[in-house]
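# Coordinate inspection notes
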There are 2 protein chains.
Amino acid sequence: MSSESGEVPPSGQAASKKAAKKEAAKQEKLRRRMEEASNSSASQAAEQEDDPLSANYGDVPLSELQSKSEVDFPYTEVGSLADHLKDQVVLIRGRAQTIRAVGKKMAFIVVRERGFTVQAVASELADMVSHQMVKYVATLNRESIIDVEGIVSVPAEPIKGASQKVEIQVRKLYCISRAAPALPINLEDAARSESEIEKALEAGEQMVRVNQDTRLNNRVLDIRTPANQGIFRIQSQVGKIFRQFLLSEDFVEIHTPKLIGGSSEGGSAVFKLDYKGQPACLAQSPQLHKQMSICGDFGRVFEIGPVFRAEDSFTHRHLCEFTGLDVEMEIKKHYSEVMDIVDRLFVAMFDSLNENCKKELEAIGRQYPFEPLKYLRKTLRLTFEEGIQMLKEAGVEIDPLGDLNTESERKLGQLVLDKYGTEFYILHRYPLAVRPFYTMPCYDNPAYSNSFDVFIRGEEIISGAQRVHVPDFLTERAQACGIDVKTISTYIDSFRYGAPPHGGFGVGLERVVMLFCGLNNIRKTSLYPRDPLRLAP
Amino acid sequence: MSSESGEVPPSGQAASKKAAKKEAAKQEKLRRRMEEASNSSASQAAEQEDDPLSANYGDVPLSELQSKSEVDFPYTEVGSLADHLKDQVVLIRGRAQTIRAVGKKMAFIVVRERGFTVQAVASELADMVSHQMVKYVATLNRESIIDVEGIVSVPAEPIKGASQKVEIQVRKLYCISRAAPALPINLEDAARSESEIEKALEAGEQMVRVNQDTRLNNRVLDIRTPANQGIFRIQSQVGKIFRQFLLSEDFVEIHTPKLIGGSSEGGSAVFKLDYKGQPACLAQSPQLHKQMSICGDFGRVFEIGPVFRAEDSFTHRHLCEFTGLDVEMEIKKHYSEVMDIVDRLFVAMFDSLNENCKKELEAIGRQYPFEPLKYLRKTLRLTFEEGIQMLKEAGVEIDPLGDLNTESERKLGQLVLDKYGTEFYILHRYPLAVRPFYTMPCYDNPAYSNSFDVFIRGEEIISGAQRVHVPDFLTERAQACGIDVKTISTYIDSFRYGAPPHGGFGVGLERVVMLFCGLNNIRKTSLYPRDPLRLAP
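Computed from a predicted model, the values in this text were never measured in an experiment. (Residues numbered from 1 in each chain as written. Chains lettered and ligands numbered in written order. Predicted model: local features only at pLDDT ≥ 70, side-chain atom pairs only at ≥ 80, totals over all residues. Heavy atoms only, no water.)

Here we take up the domain arrangement of chain A. Structurally, chain A comprises domain 1 (29–182), domain 2 (187–222) and domain 3 (226–525). Put simply, the middle of domain 1 of chain A and the middle of domain 2 of chain A, counted by C-alpha atoms, are 28 Å apart. (Domains from an automatic or database assignment.)

Let us now look at the sheet that holds strand β13 (residues 380–383) of chain A. Residue and element names in this part refer to chain A. With respect to topology, 8 strands assemble into an open sheet ordered β7-β11-β12-β17-β16-β15-β14-β13, the strand pairing being mixed. Both edges of this open sheet fall to β7 (252–253) and β13, since each of them pairs with a single strand only. Strands β11 (300–308), β12 (321–330), β13, β14 (424–428), β15 (451–456), β16 (459–466) and β17 (502–508) of the sheet are contacted by helix α10 (residues 336–356), whose axis makes an angle of about 30° with β17. (Pairing = 2+ DSSP bridges. Helix = DSSP H or I, 4+ residues; strand = E, 2+ residues; numbered from the N terminus. Contact = heavy atoms within 4.5 Å. Axes fitted to C-alpha atoms, helices over the stretch in contact; angles between N-to-C directions.)

What follows covers helix α13 (residues 406–420) of chain B. Residues and elements named next belong to chain B. With 15 residues, α13 ought to run about 21 Å at 1.5 Å a step, and its terminal C-alpha atoms sit 21 Å apart, in line with that. Restricting attention to buried positions, one finds in α13 the residues Ser408, Glu409, Leu412, Gly413, Leu415, Val416 and Leu417. Those residues of α13 that are buried are in contact with β13 (380–383), α12 (384–393), β14 (424–428), β15 (451–456) and β16 (459–466). Just downstream of α13, Gly421 is the residue with a positive phi angle, here 70°. (Expected span 1.5 Å × (residues − 1). Buried < 20%, exposed > 50% of the residue type's maximum accessible area, 1.4 Å probe, protein only.)

Moving on, we get to unusual backbone geometry. In this structure, Pro537 of chain A follows Ala536 of chain A across a cis peptide bond, with omega equal to 0°. By the element assignment, Pro537 of chain A lies in the segment after α16 (509–516). The phi dihedral of Asp250 of chain B is positive, around 75°, even though this residue is not glycine. Position of Asp250 of chain B relative to the elements: it lies in the loop between α8 (226–248) and β7 (252–253). Taking relative accessible area as the criterion, Asp250 of chain B reaches 39% and is therefore assigned partly exposed.

Our focus in this paragraph is the interface of chain A and chain B. Counting from both sides, the interface comprises 188 residues of chain A and, opposite them, 189 residues of chain B. When the two sides are added together, the surface that chain A and chain B hide from each other amounts to roughly 15,400 Å², 56% of it contributed by carbon and sulfur. There are 12 salt bridges connecting chain A and chain B. A salt bridge links Asp312 of chain A to Lys276 of chain B; its shortest N-O distance comes to 3.0 Å. Our count for the contact surface shared by chain A and chain B stands at 67 residue pairs in polar contact (both at pLDDT 80 or more). No other element matches the 12 residues that helix α1 (residues 17–40) of chain A contributes to the side of chain A that touches chain B. Its residues assigned to classes, the side of chain A that touches chain B comprises 82 nonpolar, 51 polar and 55 charged. (Buried area = accessible area lost by both parts, 1.4 Å probe. Salt bridge = Lys/Arg side-chain N within 4 Å of Asp/Glu carboxyl O. Polar contact = N/O pair within 3.5 Å; in protein donor to acceptor, adjacent residues only side chain to side chain. Nonpolar A, V, L, I, M, F, W, Y, C, P; charged D, E, K, R; others polar.)

Here the focus is the packing of aromatic side chains. Throughout the structure, instances matching the rule amount to 28 aromatic pairs over all chains. Consider the rings of Phe437 of chain A and Tyr491 of chain A, whose centres lie 6.2 Å apart with planes at 90°: the pair is edge-to-face. Remark: Tyr491 of chain A occurs in helix α15 (residues 489–493) and Phe437 of chain A occurs in the loop between β14 and β15; sequence separation between them is 54 residues. Across the pair, exposure class does not vary: Phe437 of chain A and Tyr491 of chain A are buried alike. The interplanar angle of 85° and the centroid separation of 5.9 Å between the aromatic rings of Phe242 of chain B and Phe302 of chain B together place this pair among those described as edge-to-face. Of this pair, Phe242 of chain B sits in helix α8 while Phe302 of chain B sits in strand β11 (residues 300–308), placing them 60 residues apart in sequence. Overall, Phe242 of chain B belongs to the buried group, its relative accessible area being 0%. (Phe/Tyr/Trp six-rings, centres within 6.5 Å; stacked < 30°, edge-to-face > 60°.)

Residues and elements named next belong to chain B. Of all 5 residues making up β14, 5 are buried, and the element is well covered by its neighbours. Of the two faces of β14, the one holding Phe424, Ile426 and His428 and the one holding Tyr425 and Leu427 are both buried throughout. Note: β13 against β14, 4 bridges, orientation parallel. The residue of β14 that forms the bridge with Arg381 is Ile426. Pairing of β14 with β15 involves 5 bridges; the strand directions are antiparallel. Its bridge partner lying in β15, Tyr425 is registered against Phe455.

Next comes the structure, spelled out in C-alpha cells:
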C-alpha cells in the first residue's frame, strides 16, 4: 500500500476487480493507439518498409520502452568516449543537439549527454547504412533522445563543436523520444553570452537574446544549457560540503516542521493557511525549532530546508521560497565560537569548489564571465562600528545605529576589498534595534548586539548571533519588538528547563551560489524560483 | 542588512537613532533587573557574602554570559573523561542530572553532556570547598546547566549510574542556567522502559508512565532521554548515508519548490493557501519537479525535504508533514535499474548503521527493546502476483488487482520472513489501478504496472516506479485518474521536448528510522511531529 513515502496514491484506492479490468482494457486500447501514432510519425514507416536495412534505425515504439527487456549491450557515457576506444563498437544515449545533412548521403549529429558532446556521422554504406537511414537521421528533431550504435574513430583533424575528440561512425540509430519540431527556446540562444550578442551586433548581425521570464517559463529547456548545468551541480556541491564539514564537527542534522501555529517570528509577512481548522503559517526559518533542539541537548544542529517569506520584494536577491542552511550550537563563552565555524566552513567550501568544480565554473564563466572570489585563509572580522567608520571616512553619510542598506553594503564591500584584499568578510556587533528579538545584547553596550552578518562581493549571505537563553529576558525582548508572546509561548517555555548559552546562523543557499559565481540574479540559482509574481513551473 | 538568509529582520527595520537609544536605555535597565533577580534567587547571595570561598561557586550573572570573554581554560567533554586524566584539573559543562546530598558535608551530582554522564563530588575541604558551597550544590535544580571545575580521580569501586568510570572532585561549581524547580516531566520517568514499569508493578510498586501526548507537549525535555538522543542521531546518519551513496553514484542534489500552483498531484487532500492572490498548495511530494529535472538533463537527481499531506489519518505511521527522501533517474531499459539502486543503497545503509551506530542502537534498545533487522546481501524481489499467491496459500482472501491493506502487508511480511529469512524486500509489478497516474503500465499486461513498494518488518517505506514519459499518453492517464490536466500542464509540457525514459522512488525518512529500530509509532521518529490534531510545539 503506497501511502506515506514519496508517492501519492490515487484517490480511488480500493478499486474493485471489475473496475480494474475495465480500466486495463481501456489502457491497452490507448497504448496500441499511441504506438500506431508514434510509428506513423513523419510518414517514415512507409519508406522504411522498402528498405532491407530498416531494422537499423527508426522510432522505438512505446512498448519497447515499457521495461520489456533489460540492458544486454552496455551503454558508454558520452563523457568517457576517448581514443582508447578506437575501432570498438559503442552504444550511447543522448540528445540530438544539432543535426546537419551534407548532400543526401551523409548526416552529422552532435549527441549530448550530461554536458558532454560527441559528433556522430551517418554515411551511406553498402549493407550497413541505407540512404533512407541517412534521410531519417537528417529529419530528426533537435533535442530528441536517441540511441546511437557505431564504431569509434579518431579523426585526423580535431573536431570543433564537441567536447569529445573522437567521432562515431553510425551503424544503428533509434529515436527513443521525439522532441517537438519547434522548441519554445533554442538552446544555442539560451546558452549565448551577452558579449557574443554584442559582438554580433557590432558586426551588424542581430542575435536572439532569451529574456529571463522566457527562460523561467521554459525552465526544462533552459536548465539544459552548460551554464545552468554547472550552476546546479555547484549548488549540489555547496550542500555536500556544508553537511560534510558540520557532520565532521559533531553537528546533528535535524528536520523541523514548516507548518507552525501562530505567526512564525513576526516581522516580515508570512504565508498563512488553515491547518485542520487551526490558524497556521509556513515557517520563515527553522529559528525557533533549532533553538529548541539545542535546549533538547543535541549540542550542535544543522538543517537544510525550504524557508518561506511572503514579502513583496522585487529585487535581484529576494525569493518567496528559498533553501535555508541553518546552524545552531551551544557556546561556552562567546559568539566568536560561532564565527569560527562560519570562517572554517566557508573557507573549506570555497577551496573545495575551486578545486573540484573547475569544469562547472568554466561552463558558467563562458556564459556569465566572472572573477574568482577573493578570500583570505583566515576570514576578516570587522565590527559594525569599524564598518561605519570606513564608510564615514569615504564620505558616506550613515546612521551609526541604523541598518546598512544595499548601497552602503556594496560600498563597504568595495572599501574592504581595497583595504584588506578580500571579498568575503564578517561584520559583527550590529545595533540591537536592527536585529530580531531573540538576539543577545552586548554585555558592555546594550545598543549593540552579539550578532553578525557575512558578506560576499558586497552582499549579505549569512546572518547570525548569540541568542537570549533566559526566558524572562526573552519575553521582554519579544514584547519590546511588538511580538505577541502568546503565539510563541512553547518556544519561550523551552528555555525554562535549563538552557545552555547558544548561537547560530542562517545562510541562503541560492545567494551563496549566486555570489560565489558573480551572478546578477538569484533566479539564476533557484531551480524553479518563486517570487511574488511567479508560482510556476 | 539581514534579510534573505536564515534570520528574519525585525519589523521596525529603519529605527531612528533616537528610538534606538531609548530602546538601549530600556534594555540596560531590564538587564540589570534580570541580573539582580538571578543573583538573589534561592536567597543564596546573603549566605555567600559570609563565605571567604564564595568566589568558587554560585549563579553566573547574565552579563557574564553575554560574550564578555572568550574561553581561556579549555572545556573537556564529559564523554572523553577517562583514567588517563587522573589527578588533572578539568572543566566541564553539562546538566545536573541528579543531585544527592549526603549529610551536610557532601553532595553528589551526576553531570550529563550529550548522552554521557560523570559523577562529581562536592565535599567540604579546608581552604577549598566551604559548607556553604556544599549546601549550594545540594539545592541546585535538576536539569540546570552547570560548569564544574575539579580534579579527576579514579575510584576503587566502579561507579554505578554514570557512563564514565572516573569521578570529579569538585573545586568550583557555577550555575549557568537554572532549570525550573518543578519539571513537567521527569527525565527518569521519560526514559523508563515498559518492562521496568511492569516489573515494578509485579513487585507491587507503581511507576510513572509518561504518555505520548505529554512527551510531545514537552518535547524539549522528552528528547533529552538516551533513547531519543539515539533516535535522532540515527536519523541524521540515515540522511548522511542516503546522500553519500547517491552522490557517489553521480546523482545531483536538487531543491524543488514546496509552494505550487494548482492542486499538486491530486488524490489525497492537500493544504491550500493564498499565494499573493493566486490559489496555491503545498507539494505532496517533489514528484512533478523531480521528473522535470530529469527532462532538464540532470540525469540522476535526489532531494531531501518536507512533504505535506492533509489526510485525516490517525494511524501509527501517518503524519501531515514528514521528510521525503526522493530519487529520480534516467533508465536505459528497465525499472529494475531503479530497484538496483534501492537494493544497494539500503543494504549499504543498514550495514553502516549497524557498524557505526552501536551506541545509539543500544540506547534505543534499552528503552524500546528490538531485534536487529534481518536483511539479505542481495535484496529479495517478488512480484505482486507472487505475493498474492503466498497470501492465498496462507488462506488470506485477497483481491488480485486491488491494493494490499496494512493487515495483508504485515501478513505477507511474516510469510516472506518465514520463507526467505528477510524482513526487507521489494514487491513489484503492482496493479496499475492502485498506482498514481504517472506510473508506466507493464508492456505485457496493462492491468499491471512497472512499479514497486519496499517493505521493512511488514510495513511499506518506499514507493517507486517507471514513469510515463510520453506527453499524450500521460495526459490520457491523468484524465483516466480524474485529474484536471489544466492544473498540471507545465508538468506534461515538460515531456514534449525530448524526455528520456526514467523512474524513481520516494522514501519516508521517519518510517525508515521507525522500522529499522522496530519502534511502534512514527511520532517517536519525528522531532516535532505534525498530525491532524497536533501543530505544536
